[in-house]
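# Understanding the architecture of this molecule
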Amino acid sequence: MKIAAVKVIVTCPGRNFVTLKITTDQGVHGIGDATLNGRELAVVSYLQDHVADCLVGRDAGAIEDIWQYLYRGCYWRRGPVTMAAIGAVDTALWDIKAKAAGMPLYELLGGRSRRGVMVYGHASGRDIEETSDEVARYIELGYRAIRAQSGVPGMDSTYGVSADRMYYEPADAALPTENVWSTEKYLDHVPKLFDRLRERFGFGHHLLHDVHHRLTPMEAARLGISLEDYRLFWMEDPTPVENQEAFRLIRKHTVTPLAVGEIFNTVWDCKDLLSEQLIDYIRTTVTHAGGITHLRRIADLAAMYQIRTGCHGATDLSPVCMGAALHFDTWAPNFGIQEYMLHTEPTDEVFPHDYRFSEGELHAGESPGHGVDIDERLAAKYPYRKAYLPVNRLRDGTMWNW
Ligand code: CS2
Ligand code: MG
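So, a few notes on the structure that sits alongside this text. All of these numbers come straight from a predicted model, not from anything done at the bench. (Residues numbered from 1 in each chain as written. Chains lettered and ligands numbered in written order. Predicted model: local features only at pLDDT ≥ 70, side-chain atom pairs only at ≥ 80, totals over all residues. Heavy atoms only, no water.)

## Describing the overall build of the protein chain
- For the protein chain, the helix and strand inventory stands at 13 helices and 16 strands.
- What you see for the protein chain is a C-alpha radius of gyration of 20 Å, in line with the 21 Å of a compact globule of 402 residues.
- Its C-alpha atoms put the protein chain at 60 × 45 × 45 Å along the principal axes.
- Considering the protein chain as a whole, with its 402 residues, one finds that 57% of them fall into the buried category.
- Surface exposure of the protein chain reaches about 16200 Å², of which carbon and sulfur atoms provide 51%.
- Charge-centre separation for the protein chain: the mean point of 42 positive side chains lies 2 Å from the mean point of 54 negative side chains. (Helix = DSSP H or I, 4+ residues; strand = E, 2+ residues; numbered from the N terminus. Rg over C-alpha atoms; globule rule 2.2 N^0.38 Å. Buried < 20%, exposed > 50% of the residue type's maximum accessible area, 1.4 Å probe, protein only. Areas by Shrake-Rupley, 256 points an atom, 1.4 Å probe, with all protein chains shown as cover. Lys, Arg positive; Asp, Glu negative; His and termini not counted. Charge placed at Lys NZ, Arg CZ, Asp CG, Glu CD.)

Below, the structure written as C-alpha cells:
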C-alpha cells in the first residue's frame, strides 16, 4: 500500500489545530495531529513545503523506516517543529496500519494492559473557595484525579485560571498578553489551597498541581516540602528543564512526586531525568515527541526506572492526539495517568471520535485505527486565527517564564 496523497488541514473551531491527512493508493486514510500552540504555521510549512513530496510513493506500512528517514534524513534533528511534523506523519501511518489490519491501534502496540485510562481534570478558580467548589464539581462528575490551580491574592492573573474554567484556553490574544508574576506571593498561597482541599475532601482523590516552570530549583524544593503533608499525586514542571541536572537538587529535598516533559521533543530531553530517576512521571505525548514510534521509546526507557507516563492532554492537543494517546495509554505497561481537558463542542464536531469518558476514566474505542477522524467540510468553516500564549514578567519588568 503506497502513500498517494499528503494534505495539511488547518482549522480553528475555537482554537487552532493542524491536522495531517495521509491517503493511500488503496483509499485508506490516516490522520495525525501537528498542532504547536502559537507557532502552528511553522509546522504547516514544514509539512507542506518539506515533507509531503518526500512521502508520496513510499510504502505506507514502513512506519519505522519513514520515521528514521524524516529524523536522520533531514540532518537537522530534534526541535518542536521538526518533531511535531514527524509525530503527525507517524500517527497517521499507525492509524492507516491499524485500519488496514482491521484493529484498534492498541492491539497493534501489544494489546490491552488495562480496562480504562485514569484521567485528571482541571479545577481552577479566582480564589481558594472557587477552586474548592470546582474540585467538588469534578468529584461529582466522577473524576478520581483533579488538578487544582487558584488565583493568588495580589496577582492579577496566574497560570491555569480563567473565566471559562471548564475550557481554559491560554492562547487568548492576537499578540501575547503580558502577565505579572510574584514567586513570593505564589509560594505563600499554594500550600493554603491544598490545606483547604484536603480539609474539605479528605484523601480519597488524587490531587495534582502545575507550577508551569516558574520556580528556581531551590524554590521548587521548598514548595515540594511544604506540600508533602497533602500527598499530591504530582507537582508538575516546578522549574525549567533545559538543565536536567537541576532536578537533582529538588529531588534531594522533597518526596513530593514530580512530573515533567510536556515540552520535550525527544528521549534526549529526558535521558538524565529518567536514568537518574529524578522524576516520577513523564508528560511527553504523541504530538510533540515524534509520534507513537518515539513516545514508545521514551516510555520504555522510563519503565526501566519505575517512572510512569502522564501524557499531556491540554486543549491545544487536538482530539486526534487524544485518540492516539488513549491507545498508547491502554497499552503502556507503565501508564500512570492521562491529562484530560474538554474540547469545545465545535472541536468535537470537527473531529468525530469514539473515545468515551466514564467513572473517572477514558476508554479508547474499538474501531480500527486510533478512532478519530476529521470532517473536512466542517473544518473549512473555521479559518485560522492568530493566537499566542501569554508572556510573564516579574514586577520590575524582567522577563520570566510563562
Ligand atoms: C499545560 C498546558 O496542560 C498543561 O499542563 O501546562 O496548559 C500548556 O500551558 C499548554 O499546553 C501550552 O500550549
Ligand atoms: Mg503543564
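Additional details are given in the paragraphs that follow.
## Some details on the environment of tyrosine 46
- With respect to the helices and strands, tyrosine 46 occurs in helix 1 (residues 40–55).
- Given a relative accessible area of 17%, tyrosine 46 falls into the buried group.
- The spacing of tyrosine 46 and isoleucine 86 is 40 residues in sequence and 9.8 Å in space, taken between C-alpha atoms.
- Every residue in contact with tyrosine 46, bar those within four places of it in the chain, is listed here: Val51, Cys74, Val81, Thr82 and Ala85.
- Here the side chain of tyrosine 46 touches threonine 82 through a polar contact of 3.3 Å, side chain to side chain. (Contact = heavy atoms within 4.5 Å. Polar contact = N/O pair within 3.5 Å; in protein donor to acceptor, adjacent residues only side chain to side chain.)

## Structural notes on the environment of arginine 77
- Relative to the elements of secondary structure, arginine 77 occurs in the loop between helix 2 (63–71) and helix 3 (80–101).
- Distance in space between the C-alpha atoms of arginine 77 and threonine 266 is 9.7 Å, their sequence separation being 189 residues.

## Description of the coordination of the magnesium ion (ligand 2)
- Those donors, Asp210 (OD), Glu236 (OE) and Glu262 (OE), are the protein atoms that reach the magnesium ion (ligand 2), and they lie 1.9 to 2.2 Å from it.
- Mapped onto the sequence, the donors of the magnesium ion (ligand 2) take the spacing D-x25-E-x25-E. Of this pair, glutamate 236 sits in strand 8 (residues 234–236) while glutamate 262 sits in the loop between strand 9 (258–260) and helix 9 (271–275), and the two are 26 residues apart along the sequence. Like glutamate 262, glutamate 236 is buried. (Donors = N, O, S within 2.8 Å, 3.2 Å for Na, K, Ca; no water.)

## Quick look at the side chain of threonine 11
- Mapped onto the elements of the fold, threonine 11 is located in strand 1 (residues 3–11).
- On the basis of relative accessibility, which here comes to 0%, the residue threonine 11 falls in the buried class.
- Reaching out from threonine 11, the side chain makes a polar contact with the backbone oxygen of alanine 379 at a distance of 2.9 Å.
- Those residues within four positions of threonine 11 in sequence are excluded, and the remaining contacts are Asn16, Phe17, Val350, Phe351, Ala379 and Tyr382.

## So, the side chain of threonine 183
- Locating threonine 183 in the fold gives a position in helix 6 (residues 183–201).
- Looking at threonine 183, the relative accessible area reads 8%, which means it is buried.
- Leave out the neighbours within four places in its chain, and threonine 183 touches Arg214, Leu215 and Glu219.

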